[in-house]
Amino acid sequence: MRKVVIPEVKDMRTADQANLIIEAGRAEKQYWKDLWLYRELFYFLAWRDILVRYKQTAIGLAWALIRPFLTMIVFTVVFGAIANLPSGGVPYPLLVFSAMLPWQFFANALSECSNSLISNSNLISKVYFPRLIVPASAVIVSFVDFLISGMILLGLMAWYNFVPSWRIVTLPIFILVAFAAAMGVGLWLAALNVEYRDFRYIVPFIVQFGLYISPVGFSSSVVPQQWRLLYSLNPMVGVIDGFRWAILGDEFAIYLPGFFLSVGLVFLVFITGIWYFRKVERRFADVI
Amino acid sequence: MPDTIIQIDNLSKKYVINHQYSESGYRTFRDFIGEGVKGLSQQLLKPGQRKSFRSEREDFWALKDVSLEIKQGERIGIIGRNGAGKSTLLKLLSRITEPTTGRISIKGRVSCLLEVGTGFHPELTGRENIYLNGAILGMSRAEIKRKFDEIVAFAEVERFLDTPVKHYSSGMYVRLAFAVAAHLEPEVLIVDEVLAVGDVEFQRKCFGKMQDIADNQGRTVLFVSHNMDALQRLCPQSFMFERGRLIDSGSTTRLIAQYRCMTSNNQQALPLKWIDISGVNRSGTREAHFTAVKYGSLNQTVESLPYSGGELHFLLEINSDAARSVQSLAVVLFDQNGTKLINADTLSLGQVTVLQQGCNLVELKIEPLYLNPGIYVLGLWLANPQVDVVFDHIESAFEIEVIDNGTERLGAKPDFDGLVMCPFKVKTQERVGKLL
């Protein structure tokens, strides 16, 4: 009998004997309390998505490893061997992969997140729970993929006998920024997509375009100095630079003004994303 | 005095119907921009003209000024036609959507069943779906684990627990879905027509479970259904909605009768008057057809209204285009649900009705009338079954009310009497040793 892995969950039901008042425009304080009450739904929805993805597949979880691996090979060949872009002294695969990791996370999270509300429309129109959980759990699923792909990075480092410096402990900071970037843009797109269905066509475009614009296949040092600040308007530039610095070392110095611009932008998009989402959330069930 | 568990004050919900939809039915950003440009250009080119492009938006009040109060432990039914606002009320109560004005105050946890199998994913197994669905509906993991065996036993799917749900038959699917929902144990349970699915066996089971929840566990239940029978058995009190307003509340039996009156197409016809039925919906060759009917009990004390245990006379006017003999002439009485109760057919008497060309009058007497007081629907039938010819078949000509004459009765009339009456006697037997 196969053992079913069920995420650990605490008791959701509190003795909610306090009066619940439902009124137009009154949802605020109750909402944040509800997010805590319904916290295990984050796990359950993410668990469901991950489980479903690998059902009926032949190699299951291995897909999470194969895709980034193959992309890395292609990029190494195209940008490293053929275009012969500089790699700053580290093996090109490592250069590519340390940027692929956050980029894949961002791209997947964005795609899943922006479509999450529509694909869960049956839940949204029939059951109550704070809707913020839906896009958040989509990002969590991508995060799990990120962790799995991280294993390839470890493998690569072992292969090249590359020992990372102390800077690697700063990695969680950059992960957090990537998380916020994905959530921020994802929330905006998810909320807009419910009302105007054309937004779902923008996402693959952003992802495709972004892959070449962001310093994934190359190091951002190839960008001429005068353009670097403008270049940092792409939030992923800051994140990827940070990742490279943390993993590979000081040769990949972060361009600080650009970095702070990126992070500031991410923060702004994140906060406004939550604000907009909350604003239109009450109409989701009516419009979806 | 049980306290109020749900209090609703002046609740209203408005939807805006936008008639500007594109072909796909969804609003796209392109349309939004298009509208904006149109509006702008209108204002520039024809300043001062109040463009009515906003008139394509229509306000639809799904609920208007609803106020009611529900106390703990009550079982309340909600009656109304489709579009009366019942589902909207439930969505507001379960916080799926927000009110436009007004307020709701709820004490305790509310669980709303708008649909069975919410959140079920076809790729996951039955076991996994139980956990998923339970979590979505608000149960904690420990709770689901505790009730797991009960849920599986109720759904009768032990053998298929580890098969993906997409392989389940629709019956199994619905059973499993309801089983999870039935074990929810909230303080207030709201059920929206979910019992309309499944076979008879399943419906009986669901219904029994809901009665158990209401009776034995003291919870408040709000039940929306079109199944009048179920409503009557489960909920002694009800609210009636029509076009978004609460129009009545009180005893379920009374409201159901009122609802039936409102929704029936039939008129009630009085006795001792000729009722013209030439225009009524019918099928058949019409070579011979019913044109008018007169009925009555011929009992002066009740103004000839038909009564239980009495006689019911019919005078049937039949128009025939030629002289013919008809083997089967029948007067049929149905109940409100369309169940055929009485079929007074000359075929069973072995009696042939001879019709002349033109107008004929046939007299038919039912005695005694074994129907309890109530409203019944009259149907008529004229055919020659041996040659497979149906001359006239009327499913429902009009309604007849049977009243209670009371003369036969010595005691009080029980609640929930059946449709058919029959004479009976009771005698206590002397106990001599063990029975049988």
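Residues numbered from 1 in each chain as written. Chains lettered and ligands numbered in written order. Predicted model: local features only at pLDDT ≥ 70, side-chain atom pairs only at ≥ 80, totals over all residues.

Draft legend 1. How the structure looks around the overall build of chain B. Along the backbone of chain B there are nine helices and 19 strands. Residue pairs at least 24 apart in sequence account for 71% of intrachain contacts in chain B once pairs closer than 6 positions are excluded. (Helix = DSSP H or I, 4+ residues; strand = E, 2+ residues; numbered from the N terminus. Contact = placed C-beta atoms within 7 Å.)

Draft legend 2. Highlighting the packing of helix α5 (residues 170–182) of chain B against helix α6 (residues 200–216) of chain B. All names here are of chain B. Where α5 meets α6, the closest approach of the two axes is 11 Å, and the angle between their N-to-C directions is 0°. For the element pair α5 / α6, the angle class is roughly parallel. Of the residues in α6, those touching α5 at Gly-171, Val-174, Arg-175, Phe-178 and Ala-182 are Phe-202, Cys-206 and Lys-209. Across the contact of α5 with α6, the residue classes tally to five nonpolar, one polar and two charged. (Axes fitted to C-alpha atoms, helices over the stretch in contact; angles between N-to-C directions. Parallel < 35°, antiparallel > 145°, perpendicular 65-115°, else oblique. Nonpolar A, V, L, I, M, F, W, Y, C, P; charged D, E, K, R; others polar.)

Draft legend 3. Looking closely at the sheet that holds strand β6 (residues 188–192) of chain B. Residues and elements named next belong to chain B. Taken in spatial order, the six strands line up as β5-β6-β7-β3-β8-β9 in an open sheet, and their pairing is mixed. Edge positions in the sheet fall to β5 (110–113) and β9 (245–251), since each of these pairs with one other strand and no more. On average, each strand axis in the sheet is inclined to that of its neighbour by 15°, with strand direction left out of account. Pairing between strand β3 (residues 75–80) and strand β8 (residues 237–242): five bridges, direction parallel. Directly across from Ile-78, in β8, lies its bridge partner Phe-239. In the packing of α6 onto the sheet, contacts are made with β3, β6 and β7 (220–224), and the angle to β7 comes to roughly 145°. Lying over the sheet, helix α8 (residues 252–263) contacts β3, β8 and β9, oriented at roughly 130° with respect to β9. (Pairing = 2+ DSSP bridges.)

Draft legend 4. The arrangement of the environment of B:Thr285 in detail. Residue and element names in this part refer to chain B. Among the secondary structure elements, Thr-285 is positioned in the loop between β10 (275–276) and β11 (288–296). The exposure class of Thr-285 is partly exposed, given the 14 C-beta atoms found within 10 Å. Separated by 102 residues in sequence, Thr-285 and Val-387 place their C-alpha atoms 13 Å apart. In this structure, Thr-285 is in contact with Val-389, Val-390 and Phe-391, ignoring residues within four places of it in sequence. (Buried ≥ 20, exposed ≤ 12 C-beta atoms within 10 Å, placed from the backbone.)

Draft legend 5. Expanded view of the confidence of the model for chain A. Residues and elements named next belong to chain A. Looking at chain A as a whole, the pLDDT averages 81, with 91% of positions reaching at least 70. The weakest mean pLDDT in chain A belongs to strand β1 (residues 19–23) at 73; the strongest belongs to helix α7 (residues 171–195) at 90. Throughout residues 1–17 the model reports pLDDT below 50, and contacts reaching past four residues in sequence, or to other chains, amount to 29 contacts. (pLDDT = per-residue confidence, 0-100.)

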